[in-house]
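Structure assessment
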Amino acid sequence: MRAWQQDEYGDASVVRLMEVSEPAVRANEVLIAPAAVGVNNGDTRIMQGEPLLVRPFFGIRRPKERVRGMAVAGTVVAMGREAGGFAVGDRVLAECAGGFADLVAAAGDRVVPVPASVDLVAAAAVPVGAPTAWAALEAAGVTESSGAGKRVLVLGASGGVASFTIALALHRGAHITAVCRASAVDIVRSWGAHDVRARGAVDPLVAGEMFDAIIDIAGDRPLRQLRSKLSPGGRAALVSGQGSRVLGPVGRIVRSMFLTRKAARLVPVAQKVDADVLAALLTLVAAGDVAVQVTSVVDFAEVPAALAAVARGDVIGKSVVILRPEIAQKSET
């Protein structure tokens, strides 16, 4: 089968289309024929092997898993004997490794059914970004039961995580102020944010405004500044952060812990794979409660270009690669 594979760390030029063996399906796995695969920042970080701190987990000299792509929407081809609940032909979504390939084996507990009304392109955009947004809002106290009326500031509001942060916060009844690059202002406004500002224009962090929650996706503001703009009881969720090539955002995370020893005002966000959250998000998408903002759809032959665009920060919203166009953009209704 075909797979976009890398044998060394580097930029998108190290990812090459190869003929490889089909994956063996373990007892607890589901074999999926991808129709659409989301492109995420996590793909590019592993591709580059940076920060260097991640290499003990993903491979010291080269990636242990050589095929990128961690958001796979497609149809079931086969199942291991312990992977119950699925049938051949089922439309499914999985957050797993090895997505940019003709076939992918995913652990059964990471696979969820795609609702009939959701096409597989939209489904492929959900993993990683939407669960991260969910985790950030929960950490900041913007929940289903307590989000109504809260003033939420989203920093770095033009990417995939931000698009889902805005959609989920809107669904939970929050008032959203978004800060993004000037070229993205109109698009971010179309996502429903109430107040959208270009970075470097009227910055809410210096304009005397206070917020019940800050979702910091850009990760380049001083932590004390973030803390100073929180209303009593408010929290800032730290989704990302600037840092060195070796440690990445770890230094910022450690500093946030020292700044909030008595009250958890600055909360680092660590997204983890959770099939229940993924299923809940798909339900919201199917109901029309959460919009999926796919702004870049590319062919399987363009995987390196798609990875390079995400690595540069060029993509507003979500980017998705199409492998099987005949089924990727069709729902079952």
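Structural notes, computed from the coordinates. Bear in mind that the values here come from a model prediction, so they are computed numbers and not experimental data.

1. Observations concerning the sheet that holds strand β13 (residues 266-268)
- Spatially, six strands are ordered β10-β9-β8-β11-β12-β13 in an open sheet, and the strand pairing comes out parallel. The two strands at the open ends of the sheet, each matched to only one other strand, are β10 (195-198) and β13. Across the sheet, the mean angle from the axis of one strand to that of its neighbour is 15 degrees, orientation sign disregarded.
- As judged from the three bridges shared by strand β12 (residues 230-238) and β13, these two strands associate in the parallel manner. Pairing of A237 across the sheet is with V267, part of β13.
- Against the sheet, helix α4 (residues 129-139) engages β11 (211-216), β12 and β13, with an angle of about 155 degrees to β12.
- Seen against the sheet, helix α5 (residues 160-171) touches β8 (151-155), β9 (175-180) and β11 and runs at an angle of roughly 165 degrees to β9.

2. Some words on the packing of aromatic side chains
- Evaluation of the coordinates by the stated rule reveals one aromatic pair.
- Between W4 and F300 the ring centres are 6.3 Å apart and the planes differ by 70 degrees, which places this aromatic pair in the edge-to-face class. Here F300 lies in the loop between β14 (294-299) and α10 (303-312) and W4 lies in strand β1 (residues 2-6), a separation of 296 residues in the sequence. Across the pair, exposure class does not vary: W4 and F300 are buried alike.
- The cationic tip of R172 hangs over the ring face of W134; the distance from NZ or CZ to the ring centre is 4.9 Å.

3. So, the packing of α4 against helix α9 (residues 275-287)
- It is the contact of α4 with α9, at a shortest axis distance of 10 Å, that shows an interaxial angle of 100 degrees. By the angle between their directions, the pair α4 and α9 is classed as roughly perpendicular. For the pair α4 and α9, the contacting residues are A130, P131 and W134 in the first and V277, L278, A280, L281 and L284 in the second.
- When the residues that make up the contact of α4 with α9 are grouped by side-chain class, the tally is eight nonpolar, no polar and no charged.

4. Observations concerning the environment of R197
- As for its position among the elements, R197 is in strand β10.
- Each C-alpha atom of the pair R197 and A130 lies 23 Å from the other, and the pair is 67 residues apart in sequence.

5. Regarding the pattern of salt bridges
- Following the criterion strictly, the structure yields twelve salt bridges and no others.
- Between R91 and E332 there is a salt bridge, with its nearest N and O atoms 3.9 Å apart. On the criterion of sequence distance, the pair formed by R91 in strand β5 (residues 91-95) and E332 in the segment after α11 (325-328) is long-range, its members being 241 residues apart.
- By relative accessible area, which is 9% here, R91 ends up buried.
- In this structure, R197 engages D195 in a salt bridge whose closest nitrogen and oxygen atoms are separated by 2.7 Å.
- With relative accessibility at 14%, the residue R197 sits in the buried group.

6. Section: the nonpolar core
- By size, the foremost hydrophobic cluster in this structure holds 61 residues, and its most contacted members are L93, V126, L168, V188 and I215.
- Every residue in contact with L93, bar those within four places of it in the chain, is listed here: V72, A73, R110, V111, V112, V114, A123, A124, V126, P127, L278 and L282.
- Residues W4, A306, V321 and L323 belong to the second largest nonpolar core, which totals 22 residues.

Rules used throughout
- Residues numbered from 1 in each chain as written.
- Predicted model: local features only at pLDDT ≥ 70, side-chain atom pairs only at ≥ 80, totals over all residues.
- Heavy atoms only, no water.
- Pairing = 2+ DSSP bridges.
- Helix = DSSP H or I, 4+ residues; strand = E, 2+ residues; numbered from the N terminus.
- Axes fitted to C-alpha atoms, helices over the stretch in contact; angles between N-to-C directions.
- Contact = heavy atoms within 4.5 Å.
- Phe/Tyr/Trp six-rings, centres within 6.5 Å; stacked < 30°, edge-to-face > 60°.
- Buried < 20%, exposed > 50% of the residue type's maximum accessible area, 1.4 Å probe, protein only.
- Lys NZ or Arg CZ within 6 Å of the ring centre and 35° of its normal.
- Parallel < 35°, antiparallel > 145°, perpendicular 65-115°, else oblique.
- Nonpolar A, V, L, I, M, F, W, Y, C, P; charged D, E, K, R; others polar.
- Salt bridge = Lys/Arg side-chain N within 4 Å of Asp/Glu carboxyl O.
- Core = buried A, V, L, I, M, F, W, Y, C linked by side-chain atoms within 4.5 Å.

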